[in-house]
Amino acid sequence: MRKGGAGQRWGLIEGELLKQHDLARLRTGSIALEQTFQRPGEKPFTIRLTFLSSRPELARVLANAFWIVHQNGKRRATLIASAHSLRLFTRFLDHRKKSQRDVQSARQLGPEMLKEMAIWLVVKRRLKRKSAAHTLSLCCWLLRLAKRLYPEEFDPAFFTPSNIFPGVGNERPASKALSPATFRKILTAAAADVDHIWKTHTPGDVPTSAQQIIPFMILIAARTGINPDALWDLGRDCLIPHEIDEECFYCVWDKPRAGRQQKQLHRVDRRKQMGVVELIQFMRQYTEPLARQAGPPANTKLFLYFSENTLLKSRLISACTAPRLSFRRLREFRDRHRLPPFALSNIRPSAATLLYLQTGGNLGKVRQFLQHAHFSTTIRYVLNHISEQFNARVIQKAQARMVERVTVIPQRREAGIKCLNLPKAQAAKILDGRFDTGCGACRDPYDSPQTGEEKGRLCTSFHACFSCPNDLWFLDDLPMVIATRDRFLRLRSEMKPGDWDAVYGNSVRIINDNIVAAFRPEQIERATQRAKELESSVFIVAKGVLG
């Protein structure tokens, strides 16, 4: 078995945990299809597997394996995702029994059935390949662990198929980024609401609807790049003063998936009063009466509001009473401002994409904004349908600039001249050396693009050849190019550094980066040996017959 295989992963389940669940009792006792979990510092939640009840024998195996594998330390989202994959597996079995014999025990499971489920997920459930692959992998993982716990319940030849969705790991997920125009409309609407709340607020007022905190959440998310769950769970003490600068504050929040605290530096916005610091400070003041009335841990949360629904047991709404902000509340904000569909999860990728476009494709600034450890994660945010056009324009401009600077053909002149598709008369003159310069060839010295030169008059800007779109460099010219570069470098000791860089510095950089670098190492090595023989020869500025 290869390193890190199923055997090692199974070893992560501690022996004490297995003893705690008492396998003998689980095999003979009643089936628990509901269980309550609680992570340290969080409210308890219940996971229900009652959808397995229609197949009691199979439910005993799958449900007990689920409870053993998933410990109290697991995140709620992880447990819900795993339970959802098991629910889809049950629904697949319900669909399958319409035309085939129903599955009542684990012994009836097999790899062909799981392959059928893969097709069902894509065709009937209409899941994308990446989502279908993830769902199926969770089911297969749980079935493999169930077989280890109940080997006698499964067929000895049972195994889970692999590589059902080939290449899915390299597929780019659909981006959640909104277009810059749509994103700006959302920010404008949120800023208008914030401004109205700010102007009409009086001491003692508290939010009585989610509509009074959503605009603040949108603007804070857009200016920090915070994830929706971390945003909703933001604490009242998330602003920490800077050690030295009184105008700066650190905004800190917990990001469970990263496993560490995120920290961003923000400056006080004295002019617009719409910065992250001002938004958080006002929201803390706005919800302070509610925080004083609430008990822990709700009194530590920044976003609180008092629901108008008198039927609720707890009318104080926070991250403790509602794990996520209701999509219905966000839809109310969207409909009120006549905005296109969006969710809070669209804010982070939209802000990252807009920053990428505004900074001219500066990936480092986007990575710093998103607090990513690796550039590969940042690329997944900015590589989308919005930035594709921008990237294409940048590449096109770069290619145009490269063509404008120099044209290097790493072949002999006789073969390379055919790649240029020039008129026969012009190609013949270049081939015969009639348009040769000091160490290359010119397309047409009587049609120079250099400043101050006139069409029909012979070009005299000899030192501009290295950055001229008219100049050509073949393999035959490489020894003289290297010799010319070496001559320029020797002149450095005889000139002031600033003077040498102004006259020869750019030419040497172009020779190294754009001309010599275009040839193969063996070609450069032979040309360098030939260039040494040319050191004692006369420095040629131009040659050939110009006429």
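Calculation criteria
- Residues numbered from 1 in each chain as written.
- Predicted model: local features only at pLDDT ≥ 70, side-chain atom pairs only at ≥ 80, totals over all residues.
- Heavy atoms only, no water.
- Salt bridge = Lys/Arg side-chain N within 4 Å of Asp/Glu carboxyl O.
- Helix = DSSP H or I, 4+ residues; strand = E, 2+ residues; numbered from the N terminus.
- Buried < 20%, exposed > 50% of the residue type's maximum accessible area, 1.4 Å probe, protein only.
- Expected span 1.5 Å × (residues − 1).
- Axes fitted to C-alpha atoms, helices over the stretch in contact; angles between N-to-C directions.
- Parallel < 35°, antiparallel > 145°, perpendicular 65-115°, else oblique.
- Contact = heavy atoms within 4.5 Å.
- Nonpolar A, V, L, I, M, F, W, Y, C, P; charged D, E, K, R; others polar.
- Pairing = 2+ DSSP bridges.
- Phe/Tyr/Trp six-rings, centres within 6.5 Å; stacked < 30°, edge-to-face > 60°.

Re the pattern of salt bridges
Thinking step 1. Summed over the entire model, instances satisfying the criterion amount to 23 salt bridges.
Thinking step 2. A salt bridge links Lys199 to Asp195, with the shortest nitrogen-to-oxygen separation between them at 3.1 Å. Taken together, the positions of Lys199 and Asp195, both in helix H8 (residues 180-200) and four residues apart, correspond to about one turn of that helix.
Thinking step 3. Among the residues examined, Lys199 registers a relative accessible area of 65% and is labelled exposed.
Thinking step 4. Put simply, Arg292 and Glu288 hold a salt bridge, and the shortest N to O gap is 3.9 Å. Taken as a pair, Arg292 and Glu288 lie in helix H12 (residues 288-293) at a separation of four residues, close to a single helical turn.

Notes on helix H14 (residues 347-358)
Thinking step 1. The end-to-end C-alpha distance of H14, which contains twelve residues, comes to 16 Å, matching closely the 16 Å that a straight helix rising 1.5 Å per residue would cover.
Thinking step 2. Extensive coverage of H14 is indicated by the burial of nine of its twelve residues.
Thinking step 3. Where H14 is concerned, the buried positions are Ile347, Arg348, Pro349, Ser350, Ala351, Ala352, Thr353, Leu354 and Tyr356.
Thinking step 4. Gly360 sits one or two residues past H14 and shows a positive phi near 70°.

Some words on the packing of helix H5 (residues 76-96) against helix H6 (residues 111-123)
Thinking step 1. Contact geometry of H5 with H6 gives a least axis separation of 10 Å together with a crossing angle of 95°. Between H5 and H6, the interaxial angle falls into the category roughly perpendicular. Along its contact with H5, which presents Leu88, Phe89, Arg91, Phe92, Leu93, His95 and Arg96, the element H6 presents Met113, Leu114, Glu116, Met117, Trp120 and Leu121.
Thinking step 2. Of the residues belonging to the contact of H5 with H6, the class tally is nine nonpolar, one polar and three charged.

Describing unusual backbone geometry
Excluding glycine, a negative phi dihedral is what most residues carry, and trans is how most peptide bonds are arranged.
Thinking step 1. Cis rather than trans, the peptide bond between Pro296 and Pro297 has omega equal to 0°.
Thinking step 2. Within the element layout of this structure, Pro297 appears in the loop between H12 and strand S6 (305-306).
Thinking step 3. Despite not being glycine, Arg126 has its phi angle at roughly 60°, a positive value.
Thinking step 4. For Arg126, the position within the fold is in the loop between H6 and helix H7 (129-149).
Thinking step 5. Positive phi is not limited to glycine here, since Gln371 has a value of about 60°.
Thinking step 6. Locating Gln371 in the fold gives a position in the loop between helix H15 (363-370) and helix H16 (375-382).

A few points about the sheet that holds strand S5 (residues 260-267)
Thinking step 1. Strand order in the open sheet made by the three strands is S3-S4-S5, with antiparallel pairing throughout. Taken across any chain shown, the strands that pair with only one partner, and hence form the sheet edges, are strand S3 (239-241) and S5. Across this sheet, the average inter-strand angle for adjacent strands is 30°, counted without regard to direction.
Thinking step 2. Strand direction decides the pairing type here: strand S4 (residues 248-255) and S5, joined by eight bridges, are antiparallel. The residue of S5 that forms the bridge with Cys251 is Gln264.

Observations concerning the packing of aromatic side chains
Thinking step 1. Applying the stated criterion across every chain yields a total of twelve aromatic pairs.
Thinking step 2. Seen from their ring centres, Phe282 and Tyr286 are 5.5 Å apart, and the 35° between their planes marks the pair as tilted. Of this pair, Phe282 and Tyr286 both sit in helix H11 (residues 276-286), four residues apart, which is roughly one turn of that helix.
Thinking step 3. Each member of the aromatic cluster is reached from another via a ring pair, and the members are Phe37, Phe45, Phe66 and Trp67.

As far as function goes, none of this settles anything; it's purely spatial.
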